Amino acid sequence: MKYEMTQGEEFVYFWRHNMLGSFMTSLAIAISLADEKNKDRIALGFPEQVEAMRSFYYVDDWWKNLKDKVDATKKENHDESNIS
């Protein structure tokens, strides 16, 4: 079963792997540094990204679980490509 990341999960995953462009990298930094009031303001334009960053920082094992899902999908895709 293929796992498809949400926009927010993809944002955090790419941020953690230094794969975002300059604007999105700046957005990740801004979300990381903002207090809750300003995070709420940023969320008006980027709700998925703010929610995912909050999960990254405050939900136990959120990052580990996301990495596990992505790794399992990579393995599954690799296994499927080797079917004879």
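Since the model is a prediction, treat every value here as computed from it, not as a measurement.

What counts and how
Residues numbered from 1 in each chain as written. Predicted model: local features only at pLDDT ≥ 70, side-chain atom pairs only at ≥ 80, totals over all residues. Heavy atoms only, no water. Helix = DSSP H or I, 4+ residues; strand = E, 2+ residues; numbered from the N terminus. Expected span 1.5 Å × (residues − 1). Buried < 20%, exposed > 50% of the residue type's maximum accessible area, 1.4 Å probe, protein only. Arc of directions from axis to C-beta. Contact = heavy atoms within 4.5 Å. Core = buried A, V, L, I, M, F, W, Y, C linked by side-chain atoms within 4.5 Å. Salt bridge = Lys/Arg side-chain N within 4 Å of Asp/Glu carboxyl O.

Caption draft 1: Molecular detail of helix α2 (residues 22–33). The first and last C-alpha atoms of α2 sit 16 Å apart over twelve residues, in line with the 16 Å expected at 1.5 Å per residue. What α2 keeps buried is the set L27, A28 and I31. The arc that holds every buried residue of α2, seen down its axis, measures 100°, which confines them to one face. Among the exposed residues of α2, those pointing more than 90 degrees away from its buried face are S22 and L33.

Caption draft 2: Broad picture of helix α3 (residues 36–43). Every buried residue of α3 is listed here: K39, I42 and A43. Down the axis, α3 shows its buried residues gathered within 100° of arc, on one side only. Its buried side turned inward, α3 meets α2 and α4 (47–58).

Caption draft 3: Quick look at the nonpolar core. In terms of nonpolar packing, the biggest core is built from 19 residues, with F11, V12, W15, I31, M53, W62 and W63 touching the most fellow members. Secondary structure elements with two or more residues in this core: α1 (7–16), α2, α3, α4 and α5 (62–81). Sequence-distant contacts of I31, defined by excluding residues within four places in its chain, comprise F11, K39, I42, Q49, V50 and M53.

Caption draft 4: Representation of the pattern of salt bridges in the model. Summed over the entire model, instances satisfying the criterion amount to four salt bridges. As a salt-bridge pair, E36 and R54 come within 3.0 Å of each other at their nearest N and O atoms. Here E36 is found in helix α3, whereas its partner R54 is found in helix α4, with 18 residues between them in sequence. Take E36: its relative accessible area is 38%, and that puts it in the partly exposed class. The exposure class of R54 is partly exposed, given its relative accessible area of 22%. As a salt-bridge pair, D40 and R54 come within 2.7 Å of each other at their nearest N and O atoms. Taken as a pair, D40 in helix α3 and R54 in helix α4 lie far apart in primary sequence, 14 residues in all. What you see here is one network of salt bridges that share partners, running through E36, K39, D40 and R54.

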